[in-house]
Amino acid sequence: MSQAIAAAPAPLPAPALPLDTALRARASRVIPGGLWGHLNAARLPEGYPQFFARAEGCRLWDADGREFIDFMCSWGPIVLGHRHPVVEEAARAQAARGDCLNGPAPVLVELAELLVATIPHAEWCLLAKNGTDATTSCVTVARAETRRRKILVARGAYHGAVPWCSPSIAGVTEEDRAHLIPFDYNDAASLEAAAGCAGADLAGIIVSAFRHDMGVALELPDPAFARAARAAADAAGAALILDDVRAGFRLDLGGSWETVGVRPDLAAYSKAIANGHALAAVTGAERFRDAATRVFTTGSFWCTAVPMAAAVATLTELRRLDGPARMRAMGERLRAGLDRLAARHGLAIRNSGPPAMPLMQFADDPGARLGEAFCAAALRAGAYFHPRHNMFLSCAHGEAEIDAALEAADAGFAAVARLG
């Protein structure tokens, strides 16, 4: 009698890949490099997610459901907190009436009036979509008004992602940058020498709100440097352009260089202007109004109404809350906590930049190896920090959230201490 042969056990199902991993694989087949630009998570430590499912206040959840306290705020646009109810209600109300129309909705005028009333140097404004739109428009208006070509630009500064200012040289020609003259941020003598090189062909000087080059310690503007920039522009009859795309409305509602007592002729805003809705603005002094009228700047979506309604609500709420003071206070709490924890673990760190837009680096860590280890461990403990780029606080960060993030930071410091 034959014996029954036992059936082979069914194979175990393959473990499911994390959704983020699966999405990256799919994206790599249809998107060059998996993702473009600064949001590509391949540049972050291992374990950082690329895809996110939702966000609320100062917290966000990745595609696999992990929750983090957010210290990048969508790389700056979220200034009140994700999905702020006042902003989202204003956006919904405008969407019910219309968004992309044959021309702007009345909210365009309301927002323009609000910007001019809020920003002391501003006599007029133009609206666009991205920071690059705004900085490029500023440069173009400066050249149109002065009928000159040369623009002074700080070495290493980031002003956008088009050929005249992109940090990449791929696809960029020498002609694209033929009329840029470099100087060193916070070095008045360097700036004055660059202005001398430009001579009678100087159209404008473009400066960031503070020095925020990637991977190096941040530098607040030296008031003497800011005054020298103003004087150099005045002496040449050129435009002083403030690139306030990254810092605008976080440091001072009137413009970031209000903190050093210097006002520009032209300024570029984006990021925090509409709490995550796509919008940018150029503000200008009266002298440049005619040039702004003559320059042709436009875009298919530059007059969409929903972001403008969101911006009116955002700016109004920032003023009601005294948003810059609130973010500064929470940034100082975070900074003090990081200093305390680092000392407890016997580690040397350097905090730089404004408290609302901080950067923490380890001493003797030029390649950010320690910074990456810190951030990876803190991420696993629930705080989303960045090892090289300035971070961002929002008005949604309160004491409880900062303290919870410091608990995650403690895990990060412990990981670094174990590296020896």
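In this text the structure is predicted, and so the values were computed from the model without any measurement.

1. Looking at the overall build of the protein chain
Piece 1. Secondary structure summary: the protein chain contains eleven helices and 13 strands in total.
Piece 2. In terms of C-alpha radius of gyration, the protein chain reaches 24 Å, essentially the compact-globule figure of 22 Å for 420 residues.
Piece 3. Viewed in the frame of its principal axes, the protein chain has a C-alpha envelope of about 105 × 55 × 45 Å.
Piece 4. Relative to its full complement of 420 residues, the protein chain shows a buried share of 52%.
Piece 5. Excluding contacts between residues fewer than 6 apart, the proportion of contacts in the protein chain whose partners are at least 24 apart in sequence is 75%.
Piece 6. Accessible surface for the protein chain amounts to roughly 19200 Å². Of this, 55% is attributable to carbon and sulfur atoms.
Piece 7. With 41 positive and 45 negative side-chain charges, the protein chain shows a separation of 2 Å between the mean positions of the two kinds.

2. Points about the nonpolar core
Piece 1. Counting 103 residues, the largest nonpolar core has L115, I205, W257, F374, F385 and F413 as its most contacted members.
Piece 2. No other element matches helix α8 (residues 305-321), which puts nine residues into this core.
Piece 3. In this structure I205 touches L152, F183, L191, A229, A232, A233, A239, L240 and I241, once residues within four positions along its chain are discounted.

3. A word on the sheet that holds strand β8 (residues 239-243)
The pairing of strands in a sheet comes from backbone hydrogen bonds and takes either a parallel or an antiparallel form.
Piece 1. With mixed pairing, seven strands are arranged side by side in an open sheet as β4-β10-β9-β8-β7-β5-β6. Only two strands of the sheet have a single neighbouring strand rather than two, namely β4 (124-128) and β6 (180-183). Each strand axis lies, on average, 20° off the axis of its neighbour in the sheet, ignoring direction.
Piece 2. By the bridge criterion, five bridges tie strand β7 (residues 202-208) to β8 in an arrangement that is parallel. Residue I206 lies in a different strand from β8, and its bridge partner there is I241.
Piece 3. Across the face of the sheet, helix α4 (residues 131-146) comes into contact with β4, β5 (150-154), β7, β8, β9 (266-269) and β10 (280-284) while running at roughly 165° to β9.

4. Overview of the packing of aromatic side chains
Piece 1. In total, this model carries twelve aromatic pairs according to the counting rule given.
Piece 2. With a centroid separation of 5.0 Å and an interplanar angle of 45°, the aromatic rings of Y185 and F225 are classed as tilted. Placement of the pair is Y185 in the loop between β6 and α5 (188-198) and F225 in helix α6 (residues 223-236), with a sequence separation of 40 residues. Neither residue differs from the other here; Y185 and F225 are each classed as buried.
Piece 3. Its guanidinium or amino end placed over the ring of W61, R54 lies 3.8 Å from that ring's centre, counting from NZ or CZ.

5. Topic: the side chain of D213
Piece 1. When you line up the elements, D213 lands in the loop between β7 and α6.
Piece 2. Within the local environment of D213, its side chain forms a polar contact with the side chain of R211, the two groups lying 3.0 Å apart.
Piece 3. For D213, the contacting residues outside a window of four places in its chain are R155, G156 and A157.

6. Some points on the pattern of salt bridges
Piece 1. All told, the structure shown has 19 salt bridges when counted by the stated rule.
Piece 2. D201 is the partner of R149 in a salt bridge, and the nearest nitrogen-oxygen pair spans 2.9 Å. Residue R149 is found in the loop between α4 and β5, and its partner D201 is found in the loop between α5 and β7; the two are separated by 52 residues along the sequence.
Piece 3. Overall, R149 belongs to the partly exposed group, its relative accessible area being 45%.
Piece 4. The class of D201 is buried, set by a relative accessible area of 16%.

7. A short note on empty space enclosed by the protein
Piece 1. In the structure shown here, the tally under the stated rule is four cavities of 30 Å³ or more.
Piece 2. By volume, the largest cavity is sized at about 60 Å³.
Piece 3. Forming the boundary of the largest cavity are L338, M360, G371, F374, C375, F385, H386, P387 and M391.
Piece 4. For the lining of the largest cavity, a count of residues per class yields seven nonpolar, two polar and no charged.
Piece 5. If you add up the space inside the second largest cavity, you get close to 50 Å³.
Piece 6. Forming the walls of the second largest cavity are A154, R155, A157, Y158, Y185, S208, F210, R211, H212 and D213.

8. With respect to α8
Piece 1. Over its 17 residues, α8 runs 24 Å from end to end, which matches the ideal 24 Å to within 8%, given 1.5 Å per residue.
Piece 2. The buried count for α8 comes to 13 of 17 residues, which makes it a mostly enclosed element.
Piece 3. Trailing α8 by a residue or two, D322 shows a phi angle of about 50°, which is positive.

9. Focus: the sheet that holds strand β3 (residues 67-70)
Piece 1. Read across the sheet, four strands follow the order β1-β2-β3-β13 without closing on themselves; strand pairing throughout is mixed. Where the open sheet ends on each side, the last strands, each with one partner, are β1 (52-56) and β13 (383-384).
Piece 2. In this structure, strand β2 (residues 59-62) lies alongside β3, joined through three bridges in antiparallel fashion. Residue pairing across strands places L60 opposite F68, the latter belonging to β3.
Piece 3. Sheet strands touched by helix α11 (residues 399-418): β2, β3 and β13. Its angle to β3, the strand with the most contacts, is close to 115°.

Rules used in this analysis
Residues numbered from 1 in each chain as written. Predicted model: local features only at pLDDT ≥ 70, side-chain atom pairs only at ≥ 80, totals over all residues. Heavy atoms only, no water. Helix = DSSP H or I, 4+ residues; strand = E, 2+ residues; numbered from the N terminus. Rg over C-alpha atoms; globule rule 2.2 N^0.38 Å. Buried < 20%, exposed > 50% of the residue type's maximum accessible area, 1.4 Å probe, protein only. Contact = heavy atoms within 4.5 Å. Areas by Shrake-Rupley, 256 points an atom, 1.4 Å probe, with all protein chains shown as cover. Lys, Arg positive; Asp, Glu negative; His and termini not counted. Charge placed at Lys NZ, Arg CZ, Asp CG, Glu CD. Core = buried A, V, L, I, M, F, W, Y, C linked by side-chain atoms within 4.5 Å. Pairing = 2+ DSSP bridges. Axes fitted to C-alpha atoms, helices over the stretch in contact; angles between N-to-C directions. Phe/Tyr/Trp six-rings, centres within 6.5 Å; stacked < 30°, edge-to-face > 60°. Lys NZ or Arg CZ within 6 Å of the ring centre and 35° of its normal. Polar contact = N/O pair within 3.5 Å; in protein donor to acceptor, adjacent residues only side chain to side chain. Salt bridge = Lys/Arg side-chain N within 4 Å of Asp/Glu carboxyl O. 1 Å grid on protein atoms, 1.4 Å probe; cavity = no way out; pocket = protein on both sides within 12 Å on 5 of 7 lines; lining within 4 Å. Points joined across faces, edges and corners; volume = space filled by probe spheres on them. Nonpolar A, V, L, I, M, F, W, Y, C, P; charged D, E, K, R; others polar. Expected span 1.5 Å × (residues − 1).

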